[in-house]
Amino acid sequence: MSKYTKEDIMRIIEEEDVEFIRLQFSDVFGSLKNIAITTSQLERALNNKIMFDGSSINGFVTIEESDMYLYPDLDTLAIFPWRPQRGKVARLFCNICYPDGTPFEGDCRMVLQKVLNKAAEKGFKFLIGPECEFFLFHLDDNGQPTTLTHENAGYFDVSPYDLGENARRDIILNMEDMGYTIDSSHHEFATGQHEIDLHYDEALRSADTIMTFRLAARTIAKRHGLYATFMPKPKNDQHGSGMHLNFSMVKDGINIFEDPKDPNGLSKPGYYFIGGIMKHIKGMCAVLNPLVNSYKRLDSGYEAPRYIAWSSTNRSMLIRIPAATGFNTRVELRSPDSAANPYLTLALCLAAGMDGIENKIEPPARVDMNMEVFGTTLGEKLHVDRLPENLGEAIREFKADPFVWDVLGGHIIEKFLEYKTSEWNDYTLHVSDWEINSYLSKY
């Protein structure tokens, strides 16, 4: 049941002196888009009458079928606290439909909603707790981002070593002003790297929250003369940035992943959930880790997972069971990064977990040894498979798993493959500075 009615939205907008409303949505690749309207057009927007050119959006439609309509989700109304307090700016996340009202098959938000609807039919509700890592870098004289930072802080360091502390604090305060709950924040391992952990929430709202967080982080960072980047691996010799996802599953108000009698505190459905994700992770990897750069994080040896294994203790594994108990019992997936489209990422992860539960897919034995220390030889001995080593390999796995096609649908698969294959081909043909420096004077 919706929290707000159209009348509620009209009243709130008037009472709060809102002048502009941003109707927001995501393209296939997780980039936030919006159309801004004034309050004079709000009634049209609430009646789903705002049209846009879908042919201009990556992964949407051709010019022959370009007219698309925005259907606002009324419960996503929020006012941007960083905008002027006179003539405020609000936003509504939107679903996307064809002119006849048919849902657009390339709408990532509705792809996730379909997965959630299937789970809801069985009485299940998913809760997600994202851990968002990012870098704060300086801008150059032209306002363009660099990879420079003047700080030397490390894990959990504080001011004066942590020079991004004020920006991080302001990001959190702005998110809380919008009604979001932040669990914690800290400086990460790498210089200039930070983590902000968002409170667990229902899956669709969590995906919306991740999109909002990225916007807030970049906006507030710029006010501090910094740039917030969610690029997975911006520095060669530093840790990369991930987006660890904590999953739990609720039925009749009870977290069904909990089993206090189990050595790991995890129930059978929890183990099956892990089994489903491990079964499909290679096919999902191109979505969870969508950039050429993503695989430099996964293959870096800086606690980013590269082996398809799980543990209750080892943080280098793909999946970890945190020590939390009771309602907070959860499964943590550590491979995704913040460049991923959160709607498609959650849709695939939750569908894979459900596949595991419905088909009782047992995960392999847990691995508590640090695979980064013992390397490939131990992996082969333990029959532990690896994640794809680059985007090209991930694309091949993506094509090969019918499960991925079933969840995402033909339209998104076609557009995603077209774009990512082109990206991989461009990368492999590009002559890098490393090649010039290594070979030009030798051959």
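Rules of the game
Residues numbered from 1 in each chain as written. Predicted model: local features only at pLDDT ≥ 70, side-chain atom pairs only at ≥ 80, totals over all residues. Heavy atoms only, no water. Helix = DSSP H or I, 4+ residues; strand = E, 2+ residues; numbered from the N terminus. Buried < 20%, exposed > 50% of the residue type's maximum accessible area, 1.4 Å probe, protein only. Contact = heavy atoms within 4.5 Å. Areas by Shrake-Rupley, 256 points an atom, 1.4 Å probe, with all protein chains shown as cover. Pairing = 2+ DSSP bridges. Phe/Tyr/Trp six-rings, centres within 6.5 Å; stacked < 30°, edge-to-face > 60°. Lys NZ or Arg CZ within 6 Å of the ring centre and 35° of its normal.

A. The arrangement of the overall build of the protein in detail. When helices and strands are tallied, the protein shows 13 helices and 16 strands. Per-residue burial for the protein yields a buried fraction of 54% across its 443 residues. Summarising the internal contacts of the protein: among those between residues at least 6 apart in sequence, 70% fall at separations of at least 24. Of the accessible surface of the protein, which amounts to about 20,300 Å², a share of 49% is contributed by carbon and sulfur atoms.

B. How the structure looks around the pairing of strand β1 (residues 18-26). Relative to strand β6 (residues 88-97), β1 is paired through six bridges, and the arrangement is parallel. By the bridge assignment, Phe 20 is partnered in β6 with Val 89. Where β1 meets strand β2 (residues 32-38), seven bridges bridge the pair, whose relative direction is antiparallel. Paired with Phe 20 across the two strands is Thr 38, which belongs to β2.

C. Quick look at the packing of aromatic side chains. This structure, assessed with the given rule, holds 20 aromatic pairs. Clustering of aromatic rings is evident, with ring pairs tying together Phe 29, Phe 398, Phe 416 and Tyr 419. The positively charged end of Arg 386 is found above the aromatic ring belonging to Tyr 307, 5.6 Å away from the centroid.

D. Main features of the environment of Ile 21. On the secondary structure map, Ile 21 appears in strand β1. A relative accessible area of 0% places Ile 21 in the buried class. In the structure, Ile 21 is positioned 57 residues away from Ala 78 in sequence and 9.5 Å away in space, judged by C-alpha atoms. Apart from the residues lying within four places of it in its own chain, the contact partners of Ile 21 are Ile 13, Ile 35, Ala 36, Ile 37, Thr 38, Thr 39, Leu 42, Ala 90 and Leu 92.

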